[in-house]
Amino acid sequence: MSKLVLWLFISGYILILITYHRFEGTEYLGDIPTMISAVATSIAVFIALITYISNLNKERSKTAYYAYKESLESLNKTLTTTESFQDKLYYIGVCFDSLAKIEPYVTEKEHQDILASSHISIKYQVQKALNQLDVNDYFLSDIKDINEYDLTISSCANSLCEYWQTNISGESRWSKSSDGRWDVFACCPYGVDEELLVKAFTLMVSEAVKIRKTYELLETLFKKTSSENYGSFVQETSHLCPLAFAYILLKFQTEPIRIPQSINDKPRIQLRKTYNDKYWLYHREGVVAWSPQKIPDYFKKRL
């Protein structure tokens, strides 16, 4: 802003010199002092207006900065002192919404840079909270009968599906309203809110005052089985918490299938779409592909 004001002042000064020399020695010379005074006054008013707007924006950014910082500190305190994951996740959602509303007003770079450093501890605390969960926790269940899994998305997804099929399928409110003939993966009240998990991932991977844009990108990618320019981003994000990442994918990309044929049958689910007959997910970045994820065994057995 200061550079703009300086250039405007220099431009006005040059304009006055050009005008004066243009009319020097002519019958209009007597009007030059009046013209110079008018131009100088106009420039002074314009500079004052620019300065006022600049100061107003700085004050607004300063106010937003303190509000943003306070929200981050409040979230950090909750994540470090609260035992219940459900309470942590709920508060992540509340603070996320607050930060998303405030961030457009944090316009000064120095404010953004300071908040970026404050954001680092939040990333760690959110990741720590998510990685404390096991498969059964995503279904709000105490049953510990869990299939072994490694930290690939495909393996995590398979364990989540097998657990759901064995312990949860047919028990949701939606399923009972249809006489247990259909069910949705991790349907209420037996599932963690996937939107809150997306917000949690956003706080882990986003830079300060850029969470709205990051959230929109993540939500889009969770619904896709492939992309051309986000291979490394997907890889880095999924490595933060593979189990939570797989859970969100299943929430977005599965649908009910098959009416049970007998009283012992349970509702099942299927993937809406896969990259091809072998791979479920295939995200690329140029010519390099993020480790392609095979279709989980749960779905292969039911093809």
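Residues numbered from 1 in each chain as written. Predicted model: local features only at pLDDT ≥ 70, side-chain atom pairs only at ≥ 80, totals over all residues. Heavy atoms only, no water.

A. Fine view of the pairing of strand E3 (residues 268-271). Burial along E3 is one-sided: Ile-269 and Leu-271 are buried, and none of Arg-268 and Gln-270, which face the opposite way, are. Bridge count for strand E2 (residues 254-257) against E3 is four bridges, and the pairing is antiparallel. Along E3, the bridge assignment pairs Thr-254 with Leu-271. (Buried < 20%, exposed > 50% of the residue type's maximum accessible area, 1.4 Å probe, protein only. Helix = DSSP H or I, 4+ residues; strand = E, 2+ residues; numbered from the N terminus. Pairing = 2+ DSSP bridges.)

B. Looking closely at the nonpolar core. If you look at the biggest cluster of nonpolar residues, it comprises 67 residues, and the most contacted ones within it are Tyr-138, Phe-139 and Leu-160. If one sorts the elements of this core by residue count, helix H10 (residues 242-253) sits on top with nine residues. The contact partners of Leu-160, leaving out residues within four places of it in the chain, are Val-135, Tyr-138, Phe-139, Phe-185, Leu-243, Ala-246, Tyr-247 and Leu-250. (Core = buried A, V, L, I, M, F, W, Y, C linked by side-chain atoms within 4.5 Å. Contact = heavy atoms within 4.5 Å.)

C. Molecular detail of the side chain of Asn-158. Relative to the helices and strands, Asn-158 resides in helix H5 (residues 153-168). There is a polar contact of 3.3 Å between the side chain of Asn-158 and the backbone nitrogen of Asp-297. In contact with Asn-158, not counting residues within four places along its chain, are Pro-296, Asp-297 and Tyr-298. (Polar contact = N/O pair within 3.5 Å; in protein donor to acceptor, adjacent residues only side chain to side chain.)

D. Seen up close, the environment of Leu-140. Mapped onto the elements, Leu-140 comes out in the loop between helix H4 (109-130) and H5. On the accessibility criterion, Leu-140 (41% relative accessible area) is partly exposed. A C-alpha to C-alpha distance of 5.8 Å links Leu-140 and Tyr-190, two positions 50 residues apart in sequence. Excluding anything up to four places from it in sequence, Leu-140 contacts Gln-86, Pro-189, Gly-191 and Val-192.

E. Structural detail: helix H3 (residues 85-102). Under the 1.5 Å per step criterion, the end-to-end length of H3 is 25 Å for 18 residues, consistent within 8% with the ideal 26 Å. Taken together, the buried positions of H3 are occupied by Phe-85, Lys-88, Leu-89, Ile-92, Gly-93, Cys-95, Phe-96, Leu-99, Ala-100 and Ile-102. Measuring from the side-chain oxygen of the N-cap residue of H3 to the backbone nitrogen of Gln-86 gives 3.4 Å; that N-cap residue is Ser-84. (Expected span 1.5 Å × (residues − 1).)

F. Quick look at the packing of helix H7 (residues 194-205) against helix H8 (residues 211-222). Interaxial distance between H7 and H8 falls to 9 Å at its minimum, and their mutual angle equals 125°. Between H7 and H8, the angle falls in the class oblique. Regarding H7 and H8, the two cross each other, and that crossing is right-handed. Listed contacts from H8 to Glu-195, Val-198, Lys-199, Phe-201, Thr-202, Leu-203 and Val-205 of H7 are Ile-211, Thr-214, Tyr-215, Leu-218, Glu-219 and Phe-222. In terms of residue class, the contact of H7 with H8 is made up of eight nonpolar, two polar and three charged. (Axes fitted to C-alpha atoms, helices over the stretch in contact; angles between N-to-C directions. Parallel < 35°, antiparallel > 145°, perpendicular 65-115°, else oblique. Left-handed = near helix turned anticlockwise from the far one by under 90°. Nonpolar A, V, L, I, M, F, W, Y, C, P; charged D, E, K, R; others polar.)

G. Examining the side chain of Ser-206 more closely. Turning to its location among the elements, Ser-206 is positioned in the loop between H7 and H8. On the basis of relative accessible area, Ser-206 is assigned to the buried category, the value being 0%. A polar contact is formed between the side chain of Ser-206 and the backbone nitrogen of Ile-211, at a distance of 3.5 Å. With residues up to four places along the chain from it excluded, the contact list for Ser-206 reads His-119, Lys-123, Ile-211 and Thr-214.

H. Looking closely at the packing of aromatic side chains. Scanning the entire structure with this criterion turns up 15 aromatic pairs. Note on Phe-201 and Phe-222: the rings are 6.2 Å apart at their centroids and 65° apart in plane angle, and the pair reads as edge-to-face. Here Phe-222 lies in helix H8 and Phe-201 lies in helix H7, a separation of 21 residues in the sequence. Neither residue differs from the other here; Phe-201 and Phe-222 are each classed as buried. Their ring planes at 80° and their centres at 5.8 Å tell us that Phe-201 and Phe-245 sit as a pair that is edge-to-face. Here Phe-201, found in helix H7, pairs with Phe-245, found in helix H10; they are 44 residues apart in sequence, far enough to count as distant. Taken individually, Phe-201 and Phe-245 each receive the classification buried, so the pair is uniform in this respect. Site record: aromatic cluster; members linked through ring pairs are Tyr-138, Phe-139, Tyr-163, Trp-164, Phe-185 and Tyr-247. (Phe/Tyr/Trp six-rings, centres within 6.5 Å; stacked < 30°, edge-to-face > 60°.)

I. Local environment of the packing of H8 against helix H9 (residues 231-240). Interhelical geometry of H8 versus H9 gives an angle of 90° and a closest axis separation of 12 Å. Classified by the angle their axes make, H8 and H9 are roughly perpendicular. For the pair H8 and H9, the contacting residues are Leu-217, Leu-218 and Leu-221 in the first and Phe-233, Val-234 and Thr-237 in the second. Across the contact of H8 with H9, the residue classes tally to five nonpolar, one polar and no charged.

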